[in-house]
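An overview of the molecular structure
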Amino acid sequence: MAPVCIKSVLISESVDPRCRTILEENGIHVTEKQNMRKDELIAEIKNYDGLVVRSATKVTADVIDAATNLKIIGRAGTGVDNVDVDAATQKGIIVMNTPSGNTISAAELTCALIMNLSRQVPQAAMSMKAGNWDRKKTIGYDPITPKEISASWGVEQMTLEQLWPQCDYITVHTPLMPSTVGLLNDETFAKCKRGVKVVNCARGGIIDEAALFRAVESGQCGGAGLDVFVEEPPKERTLVDHPNVISCPHLGASTKEAQARCGQDIALQIVDMVNGKNLVGAVNAQVLASTFSQQSQELIKFGEAIGALLQSCLTSRKPYSNLRITTQGDCMKSSTSYMPSAVLVGLLGNGSNSINLINVLNFAKESGIQVSQTHCSSNGVGVCEVEILADGCTIKATGSVQSGVPVLLTLSDSTFRQPVSLTGNLLFFKASENSQLLLSVVGVLAAEGVQIESFSAPVNHTGEQWFCVGLSKLLTDLNVLKPIVTDAAQVTI
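Please read these numbers as outputs of a predicted model, since none were measured by experiment.

**Focus on the overall build of the protein chain**
Tallying secondary structure elements over the protein chain gives 16 helices and 19 strands in all. A burial count over the protein chain gives 46% of its 493 residues as buried. For the protein chain, the share of sequence-separated contacts (at least 6 apart) that also reach a separation of at least 24 residues comes to 64%. As displayed, the protein chain offers around 23800 Å² of accessible surface, 52% of which is attributable to carbon and sulfur atoms.

So, in structure tokens, the structure goes:
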């Protein structure tokens, strides 16, 4: 089962033709409209489930706000700084990139710039054109890579503080984000070897351009190879014109091979997601990564059902302040990454399409709900207990998935004789059991034109307990039960 349904996609820039072909071969309608102004994109975007862009289209908060049907933004490339990821997340829209599509091409240019810096090829070519014959050169390279990749290559990983003074060359390969803005600055250049060379084929802004200019001017930096700039094309040309700086006009991904891979990758990733196979390149929807198995889909339905049930029980008691989830059993272990989100969708969604697994944790945080989760290993049947504190009142429910169906085992202190199937129209009422209780409830329901389809009683007959009745339709007004019950809730699942 796919988490989203994509029927139509707008491609707003020139991407490889394979992108459109793959999407259309899988039943997705594709429209290509290039070079749209912002107002044109805002007017157009409401008609599509998906949007595929490269780097020129600016998917701002205004565009996202106008996208009433949009479910996915696919970036045919790596960087997503042209997409307002926070705004997309808030609206529950997946932002997807192609993490490996242009890696090879960008790496090729990085190596080319390193070699050009180390062998001073542009300077030598200019020298030759000027009639000179200068053969002095130096060679060296020390890559910076993510920990897991460097370990697989047998490269010793170290902290940045350890790394700065040891590098002959520094290359950056990170996205532009708050934690990487100005990663190389006056302070870090001062910690480096004198004459260190730097290469940036990632994003402008990762290297502080003013600090880099001061470093190359002073000789602290022996040279720089830049394919990207804070402003593109750069109006400030002090770095571009510096004799120790080699510049390119953002060519890292500008190869036929890279664009073919990116166009094909983004289409295949969208198709795989729609077909429920897997999720690759989701920048803001990691919660969905482990939700593609049949078991995961069943557990998500269970979480949403439990959340919806408890929401119906707490209709008059808000705001919610705490949500505690305890899972038990090996079959529940895999749900820890998405169960809180699933429960919150049921609790906060109330039928709204604007809340989903992608953005619900943000909504919960904004609403002041503290979420905690615990998992206990067990060889027994997997169960999940959900407890909610709202307006000083605590209510909890325990359930599981049996034969693919979400079931309720307990509600507060009431344990049901048989698992309650959490499907259809359900009425829960709390009362002290007596010989006339069921007849009285049946009479009220009949008077309202509602038929009973199932009945679940608690094991314990002492004191007030919760009962469950499956209905042909929900009651118009729960107050009709007030004379015979102390509490009541109804929900459609």
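**Some details on unusual backbone geometry**
Geometrically, the link from Glu232 to Pro233 is a cis peptide bond, its omega value of -10° lying close to zero. In this fold, Pro233 is placed in the loop between β8 (221-226) and β9 (245-247). Residue Pro319 follows Lys318 across a cis peptide bond; omega there is 10°. Position of Pro319 among the secondary structure elements: in the loop between α12 (294-313) and β10 (320-328). With a phi close to 55°, Ser403 is a non-glycine residue in the positive phi region. Within the secondary structure, Ser403 sits in the loop between β13 (393-402) and β14 (405-411).

**Description of helix α16 (residues 437-447)**
Taken together, the buried positions of α16 are occupied by Leu437, Val441, Val444 and Leu445. In a view along the axis of α16, the buried residues occupy a sector of 95°, so they form one face of it. Turned more than 90 degrees away from the buried face of α16 sit Leu439, Ala446 and Ala447, all of them exposed. Next to the buried residues of α16 lie β16 (425-432), β17 (452-456) and β18 (464-471). Positive phi appears at Gly449, one or two residues downstream of α16, with a value of about 75°.

**Quick word on a nonpolar patch on the surface**
Taken together, the side chains of Leu438, Val442, Ile452 and Phe455 present a nonpolar region at the surface, about 290 Å² in accessible area. Of all the elements in the fold, those that place two or more residues in the nonpolar patch are α16 and β17. Of note, Leu438 is situated in helix α16.

**Quick look at the pairing of β18**
Counting buried residues along β18, seven of its eight residues qualify, which places the element largely inside the surrounding structure. Sheet topology note: the β16/β18 ladder contains eight bridges and is antiparallel. Bridge pairing links Leu426 to Gly470 in β18. Note: β17 against β18, four bridges, orientation antiparallel. Bridge pairing links Ser454 to Gly470 in β18.

**Describing the sheet that holds strand β1 (residues 8-11)**
In space, the five strands of this open sheet follow the order β2-β1-β3-β4-β5, with parallel pairing throughout. Single-partner strands in this sheet number two, and they are β2 (29-32) and β5 (94-97). Looking at each pair of strands side by side, their axes are set apart by 20° on average, direction ignored. Across four bridges, strand β3 (residues 50-53) lies against strand β4 (residues 72-75) in parallel orientation. Across the sheet, Val52 pairs through a bridge with Gly74, a residue of β4. With respect to the sheet, helix α1 (residues 17-25) is in contact with β1, β2 and β3, its orientation differing from that of β2 by roughly 155°. Strands β3, β4 and β5 of the sheet are contacted by helix α11 (residues 256-274), whose axis makes an angle of about 140° with β5.

**Re the side chain of Ser12**
Within the secondary structure, Ser12 is located in the loop between β1 and α1. The class for Ser12 is buried, based on a relative accessible area of 4%. Setting aside residues no more than four positions away along its own chain, Ser12 makes contact with Lys33, Gln34, Asn35, Met36, Leu51, Val52, Val53 and Thr57.

**As for the packing of α12 against helix α14 (residues 339-349)**
For any two helices packed against each other, the geometry comes down to the angle between their axes and how far apart the axes lie. Look at α12 against α14: their axes get within 6 Å of each other, and the N-to-C directions meet at 40°. Comparing their axes, α14 and α12 come out oblique. Pair α12 / α14 crosses with right-handed handedness. Taken together, the residues of α14 that come into contact with α12 (itself represented by Leu299, Ile300, Phe302, Gly303, Glu304, Gly307, Ala308, Leu310 and Gln311) are Met339, Ala342, Val343, Val345, Gly346 and Leu347. Among the residues forming the contact of α12 with α14, the class breakdown is ten nonpolar, four polar and one charged.

**Let's talk about the sheet that holds β18**
On the basis of which strands lie adjacent, the open sheet formed by four strands has the order β17-β18-β16-β19 and antiparallel pairing. With partners counted over all chains shown, the strands left at the sheet margins are β17 and β19 (487-492), one partner each. Neighbouring strand axes in the sheet, compared pairwise and without regard to direction, differ in orientation by 20° on average. α12 rests against β16 and β19 of the sheet, and its axis sits at about 145° to β19. Packing against the sheet, α16 makes contact with β16, β17 and β18, and its axis sits at approximately 140° to β16.

**Things to note about the side chain of Ser335**
Here Ser335 is to be found in the loop between α13 (330-333) and α14. Here Ser335 falls in the buried class, since its relative accessible area comes to 0%. Beyond its immediate chain neighbours, meaning those up to four positions away, Ser335 contacts Leu299, Thr327, Pro340 and Gln373.

**Topic: the pairing of β1**
Where burial is concerned, the two faces of β1 agree: the one with Ser8 and Leu10 and the one with Val9 and Ile11 are both buried. With four bridges connecting them, β1 and β2 associate as parallel partners. Counterpart to Val9 in the pairing with β2 is Val30. Crossover β1 to β2 through α1 is right-handed.

**Some thoughts on the nonpolar core**
Counting residues in each nonpolar core, the largest one holds 73 residues, and the members touching the most others are Met273, Leu408, Leu411 and Phe428. When residues in this core are grouped by element, the largest group, nine residues, is from α12. Apart from the residues within four sequence positions on either side, Leu411 is in contact with Leu309, Leu310, Cys313, Ile395, Lys396, Ala397, Phe416, Phe428 and Trp466. Grouped together as the second largest cluster of nonpolar side chains are 24 residues, Cys192, Val216, Cys221 and Leu239 included.

Basis of the calculations
- Residues numbered from 1 in each chain as written.
- Predicted model: local features only at pLDDT ≥ 70, side-chain atom pairs only at ≥ 80, totals over all residues.
- Heavy atoms only, no water.
- Helix = DSSP H or I, 4+ residues; strand = E, 2+ residues; numbered from the N terminus.
- Buried < 20%, exposed > 50% of the residue type's maximum accessible area, 1.4 Å probe, protein only.
- Contact = heavy atoms within 4.5 Å.
- Areas by Shrake-Rupley, 256 points an atom, 1.4 Å probe, with all protein chains shown as cover.
- Arc of directions from axis to C-beta.
- Patch = residues over 30% accessible without salt bridge, like charges linked within 9 Å, V, L, I, M, F, W, Y side chains within 5 Å.
- Salt bridge = Lys/Arg side-chain N within 4 Å of Asp/Glu carboxyl O.
- Pairing = 2+ DSSP bridges.
- Axes fitted to C-alpha atoms, helices over the stretch in contact; angles between N-to-C directions.
- Parallel < 35°, antiparallel > 145°, perpendicular 65-115°, else oblique.
- Left-handed = near helix turned anticlockwise from the far one by under 90°.
- Nonpolar A, V, L, I, M, F, W, Y, C, P; charged D, E, K, R; others polar.
- Right-handed = clockwise from strand over helix to strand, strands pointing away.
- Core = buried A, V, L, I, M, F, W, Y, C linked by side-chain atoms within 4.5 Å.

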